[in-house]
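Descriptive structure summary
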Amino acid sequence: MVNDRIGVYICHCGGNISDVVDVYKVVEAVKDMPEVAVAREYMFMCSDPGQKLIEDDIKNYNLNGVVVASCSPHLHELTFRGAVQRGGLNPYLFEQINIREHSAWVHKHEPEAATEKAIRLVRSGIAKVSLARELSTIRVDMEPKVLVVGAGIAGIRAALDLAKADVEVYLVEKQPFIGGRVAQGYGAYPSGRMGSEIIKELIEELKKEESKIKLFTNAEIKSLGGTIGKFHVVVQVNPRYVVGNCSNFNDAIEKCPIEVPDEFNYGLTKRKAIYYPYEGAYPELPVIDMENCNKCGECVKICGGAINLEQEAETVEFDVSTIVLATGFNPYEPKEGEFGYKQFEGVITLPVFERLMALSNGKLTYNGKEVKEIAFIYCVGSREKDGEHEYCSRYCCTATLNASLAALEKYNDLRIYHIYRDIRAYGKYERYYEEAGKKGELFLRYVPEEPPVVEKEGDKLIVKVKDQLTFGEEIELPVDMVVLSVGMEPRNEDVFQMLRVPFSRDGFLQEIHPKIRPVETAIGGVLICGTCQAPRDTVETTASASAVAAKTETYTLKGYTELEPFIAEVDAEKCTGCGDCVPECPTEAIELKEVAGGEKKAFINEVLCIGCGACGGICPEEAINLRGYRYDQLRKMIDAMVEEV
Amino acid sequence: MRVNPTLATEFKELGAAKVTECFNCGNCTAICPVTPQNNGTFPRRLIRYIQLGLEEKVLNAPEVWLCLTCAQCTVTCPREAYPSEIMVAIRKDIIESGMCPVHMRDFLNNLQKQRNPWGIGKFKRDQWRKKADSPPPTVKENPEFEWLWFVDCAHSFDNRNIEVSKKIARLLNDIELNYAILGREEGCCGNDARKAGEEGLFLLLKEENEQIFAKYGVERIVTASPHCYNTFKNEYDGYDVKLLLEIIYDAIKSGALTLKHPVNKKVTYHDSCYLGRYNDIYELPREILKLIPGVELVEMPRNRREALCCGGGAGFVVSEYPGEIRPNNLRAKEAADTGAEVLAVACPFCMIMLEDGVKVQKVDDKIVVRDIIELVYESVYGPEEG
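Residues numbered from 1 in each chain as written. Chains lettered and ligands numbered in written order. Predicted model: local features only at pLDDT ≥ 70, side-chain atom pairs only at ≥ 80, totals over all residues.

Our focus in this paragraph is the overall build of chain B. Each helix and strand in chain B was counted, giving 18 helices and 8 strands. Here the C-alpha radius of gyration of chain B, 21 Å, is about what a compact globule of 386 residues would show, namely 21 Å. Viewed in the frame of its principal axes, chain B has a C-alpha envelope of about 70 × 50 × 30 Å. When each of the 386 residues of chain B is scored for burial, the buried share is 52%. The contacts in chain B between residues at least 6 apart in sequence include a share of 76% that link residues at least 24 apart. (Helix = DSSP H or I, 4+ residues; strand = E, 2+ residues; numbered from the N terminus. Rg over C-alpha atoms; globule rule 2.2 N^0.38 Å. Buried ≥ 20, exposed ≤ 12 C-beta atoms within 10 Å, placed from the backbone. Contact = placed C-beta atoms within 7 Å.)

So, in structure tokens, the structure goes:
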């Protein structure tokens, strides 16, 4: 079937096009084509009267196709599709030809050639529409069920917001306790409240939403398949070995004979094999670290049935319509010898320093020695032009200033030096920088070509800085402790591979558009928030978490979502079941299925298919067409394009 | 060089109270009118040395003697670290260490021995009084005085300024202010001794002044010198201090003085550092000039908060200035460039420095330096007497 009553509209774009392209000549060149019923030029096709023109012509000329030659479809494809639909025609029997960017603007010094190119482009558009078929969007049902991966501050915030909108949430956390990195922080800015206090407040909220939020801790996502509307999730919940409540957990912990470095405190303290990371940790049940437990049974003697040392992992399966990734970051771990790290005692990173402050009361002590003089070195592992991390983690300046002020407040007579490249205490946090200066903390500036050097002299560490603020003179600072202000590194989680989410150049997960679509990824139904996306402070993290929750609701609460119809379509008669297309598909949308008679045929999962056309390209039988871009359409377009003008 | 964090604490006690607040932006260096062109690190470098505790470098920096305490840096400093006060603190440290530079010695010796910068015998302090047609009463002559007119060193010993003193006396007598002067018992206020870094001498002078004030029951002080005004008002305790111009202004406003003779002159006014930047008095002198009939007031491009110093602060009214840039010469040229015929001043040190500048710049045929008091006097009593 050929659409042979096509309306063609050439737009002047107020001179943008018509100053170069002779629009009257274009109309002349196409108006007598056999498929064309009416051809016109008009000043502004996108204007209300321009759209009305299309609507009226469809009725008056009984059109069965529309071609508009104007600007880029990025700008007005949806506008014109709307006009076509209002005129009573299927919106996909329409093609927008871009003669502004593709002709008038790029060839403005060659008006004749530009006009010829415009004619060729319009003819090929007419050719395409003449063979176009009616299409409709693909409707996907969306149940209000969401998987949130990671129960740090971002994951918890997003889960709470979703639950409050009556969305069912599966919150999956790898660690035995929730709260993530924020729980470890000391006096997070801007309020200065302890990280664990902030997390506790969220935990109280979480408890109230128990009916909506299913929390899995100590849990790993084993597989993740499907697509927007229906992702199938398989979670392995690892054994906690503490299976019930007991009033004597603290006695059991005390009796446990095993002592290992406590990872929550970065090894500054020891913990038992059965433990809580900190007071108020959630879930309220302790956990047994089976790698270190010797199964002596002391805890069982006290807690009896609450402890089951033989507990096994459980597998849980469920379906969700969208996924929120809130998997967080890793603090950069300096290399051995980098500013004396792991080479000299007393060289630690900022996160460790924060734990040290949380643990040191009265006096600041490290390995039994009182710390009086501290040098903070900034940008460690960050902003390396040709190095591992080119980016600035941007939270570290403020975090370091904040930590130094907190230290000054908590301990007497501290002497603090900041050895920095640039202070980026942006936004409201400039006042920390100011306050640090006013409180006598001393700032020394280094350039990356001449970084500071840390040496050991007796029981002191000596930091040598070529200080730009002292006109490049070398200054020596004798200190007790060097704190390395480290940035954030992206994590690499198995779920990223399972979902094929794209990464940015820096290795963090990438949004579709940083300004316009900041929390969605290119994979439909997979959204991101917090520090898995970019380095962020707590304030920015929770803001993005609430944003992701609101965005997720726009998908889930309506009950359905619509996808474009331009996907692959198998002609079962031509398909020989060779299977060449299956490995070609980047989204695993093609499956070979047996049909009646034992033959195998390719089947396309409409929701998974992204319409890339790779399968059509490989198919030896031309059995796979891309809707909207069929073989016959493309051939006719080429013929129309090369025909003499 | 190894840091010594205790040095900054010591300097805070020396008066550099805000030294640790400096964040080394360099505004002070950019604004400083005497920073050498090819070594633009003063005063920032010295402040940095104190922060780091490099005392050796601080004590051996000759640039510190460039500072005129004009306070342009201090009013511009975004951190309110008071750079000019830090320079004063460094000088205190140097002088306390017994390393007073040669060029400052005469000034300080003169103050110590004769209680005036020039070293003229202190018993001559009241000699100007004999030349006055309408001499001021002394505390002995008028023991019931309400105001003590603290005449100040320049108005007592410097011939050009004595001309002004005589006029002040007639004006005060005619408005019938109940006042008196201390005569030869008057000392030096100590303002510039302190700014030069001789804190001990300042304290000694202050103690002497307080004793003499107590002896005569002084409660209220009026002075024509911004330097005296500054120190009495801000560094002494318990006195009601007024600037002479305030009294003159009130007398004009109340009708006690009538400005009846026009002074048909184009006049530009040079702000004194110690009136303007130290005490925020910018408009009073201008208001008085505007009240004088015939005066056309024009401004130099750098005026009020941005006004250039005359170069006479911190002892340099007599001491040999070690810098290459001479602010009094620059200022005289700026004044002449406005086309004004009179460069009006409100400070006896500005008078001395700028008269010198006008001569060096050879613009004395175009412009003369006059105290505002002299212009008021001319308007009150007529051009012949003026």
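Attention shifts here to the domain arrangement of chain B. Residues and elements named next belong to chain B. Taken domain by domain, chain B comprises domain 1 (6-96), domain 2 (115-249) and domain 3 (257-381). For domain 2 and domain 3, the distance between their C-alpha centroids amounts to 22 Å. Of the residues lining the interface, 27 residues belong to domain 2; the matching set on domain 3 comes to 29 residues. Going through the elements one at a time, helix H9 (153-157), helix H10 (159-174), helix H11 (191-195), helix H13 (226-234) and helix H14 (244-254) are the ones with two or more residues in the side of domain 2 that touches domain 3. A per-element tally of the side of domain 2 that touches domain 3 places H10 first, with 6 residues. (Domains from an automatic or database assignment.)

Attention shifts here to unusual backbone geometry. The peptide bond linking Tyr189(A) to Pro190(A) adopts the cis configuration, its omega dihedral lying at 5°. On the secondary structure map, Pro190(A) appears in the loop between strand E7 (168-172) and helix H7 (195-208). In this structure, the amide linkage connecting Phe42(B) to the following residue, Pro43(B), adopts the cis form with an omega of 5°. Along the chain, Pro43(B) falls in the loop between helix H2 (27-31) and helix H3 (44-52). Non-glycine residue Asp413(A) carries a positive phi angle of around 55°. Relative to the assigned elements, Asp413(A) resides in the loop between helix H11 (396-410) and strand E22 (415-420). The phi angle at Lys362(B) is positive, at roughly 55°, despite the residue not being glycine. Tracing the backbone shows Lys362(B) in the loop between helix H17 (348-360) and strand E8 (368-371).

The next subject is the interface of chain B and chain A. With 14 residues of chain B at the interface, the matching set in chain A holds 15 residues. The leading source of residues in the side of chain B that touches chain A is H3(B), at 4 residues. Residue composition of the side of chain B that touches chain A, by class: 6 nonpolar, 4 polar and 4 charged. (Nonpolar A, V, L, I, M, F, W, Y, C, P; charged D, E, K, R; others polar.)

Residue and element names in this part refer to chain A. Counting 250 residues, the largest nonpolar core has Val148, Ala158, Val324 and Val482 as the members making the most contacts within it. Ranked by residue count, the leading element in this core is helix H6 (residues 153-164), at 8 residues. With residues up to four places along the chain from it excluded, the contact list for Val148 reads Gly155, Ala158, Ala159, Val169, Tyr170, Leu171, Val324 and Ala326. Within the second largest apolar cluster, 47 residues are counted, among which are Val20, Val36, Val66 and Ala114. (Core = buried A, V, L, I, M, F, W, Y, C linked by C-beta atoms within 7 Å.)

The description of two packed helices rests on the angle between their axes and on the distance between the axes. Residues and elements named next belong to chain A. At a closest axis distance of 8 Å, the pairing of helix H5 (residues 111-130) and helix H17 (residues 631-642) adopts a crossing angle of 155°. For the element pair H5 / H17, the angle class is roughly antiparallel. Read as a crossing pair, H5 and H17 show a hand that is right-handed. From H5, Arg120, Arg123, Ser124, Ile126, Ala127, Lys128 and Ser130 reach across to H17, where they touch Gln633, Lys636, Met637, Asp639, Ala640 and Met641. (Axes fitted to C-alpha atoms, helices over the stretch in contact; angles between N-to-C directions. Parallel < 35°, antiparallel > 145°, perpendicular 65-115°, else oblique. Left-handed = near helix turned anticlockwise from the far one by under 90°.)

With that settled, the discussion passes to the pairing of strand E4 (residues 94-98) of chain A. All names here are of chain A. The buried fraction of E4 amounts to 5 of the 5 residues, a majority that puts the element mostly inside the structure. Side chains Phe94, Gln96 and Asn98 project from E4 onto one buried face, and the interleaved Glu95 and Ile97 project onto a second face that is buried too. As defined by bridge partners, strand E3 (residues 65-70) adjoins E4 across 5 bridges and the pair is classed as parallel. The residue bridging Val67 from the neighbouring strand is Glu95, located in E4. (Pairing = 2+ DSSP bridges.)

Turning to the confidence of the model for chain B, a few remarks are in order. When pLDDT is averaged along chain B, the result is 95; 99% of the residues meet or exceed 70. The ipTM assigned to the predicted complex is 0.76, against a pTM of 0.79. (pLDDT = per-residue confidence, 0-100.)

Residue and element names in this part refer to chain A. Overall, antiparallel pairing links the 3 strands, which are arranged E24-E25-E26 in an open sheet. Of all strands in the sheet, those with a lone pairing partner are strand E24 (453-457) and strand E26 (473-479), marking the two edges. Taking each pair of neighbouring strands and ignoring which way they run, the sheet shows an average axis angle of 25°. Pairing analysis gives 5 bridges linking E24 to strand E25 (residues 460-467), with the strands arranged antiparallel. In the strand pairing of E25, Glu455 is matched with Ile462.

Attention now moves to H14(B). All names here are of chain B. Among all positions in H14, only Leu244, Leu245, Ile247, Ile248, Ala251 and Ile252 are buried. Taken end-on, H14 shows its buried residues confined to a sector of 160°, consistent with a single buried face. Exposed and facing more than 90 degrees away from the buried side of H14 are Lys253 and Ser254. The inward-facing, buried residues of H14 contact H10, strand E3 (220-223), strand E4 (240-243), helix H15 (283-291) and helix H18 (372-381). (Arc of directions from axis to C-beta.)

Turning our eyes to something else, we now look at the domain arrangement of chain A. Residues and elements named next belong to chain A. In terms of domains, chain A is made up of domain 1 (6-137), domain 2 (145-238 + 313-328 + 491-556), domain 3 (249-306), domain 4 (332-489) and domain 5 (568-626). For domain 2 and domain 4, the distance between their C-alpha centres works out to 32 Å. Listed per partner, the contact involves 12 residues of domain 2 and 19 residues of domain 4. Looking at the side of domain 2 that touches domain 4, its residues break down into 4 nonpolar, 5 polar and 3 charged.

Once that is clear, we can look at the sheet that holds E22(A). Residue and element names in this part refer to chain A. Taken in spatial order, the 5 strands make up an open sheet running E18-E27-E21-E22-E23, and their pairing is parallel. Edge positions in the open sheet fall to strand E18 (347-349) and strand E23 (442-445), since each of these has one partner strand only. Within this sheet the neighbouring strands show an average axis-to-axis angle of 25°, counted without direction. Relative to strand E27 (residues 481-486), strand E21 (residues 373-380) runs parallel, the two being bridged by 5 bridges. Within the sheet, the bridge partner assigned to Ala375 lies in E27 and is Val482.

Residues and elements named next belong to chain A. With 15 residues, H11 extends 20 Å between its outermost C-alpha atoms, agreeing within 8% with the 21 Å of an ideal straight helix rising 1.5 Å per residue. With respect to burial, H11 is a largely interior element, 11 of its 15 residues being buried. Residues Cys396, Cys397, Thr398, Ala399, Thr400, Leu401, Asn402, Ala403, Ser404, Leu405 and Ala407 constitute the buried set of H11. Looking at the buried residues of H11, the elements they touch are helix H10 (350-359), E21, E22, helix H12 (430-438) and E27. (Expected span 1.5 Å × (residues − 1).)

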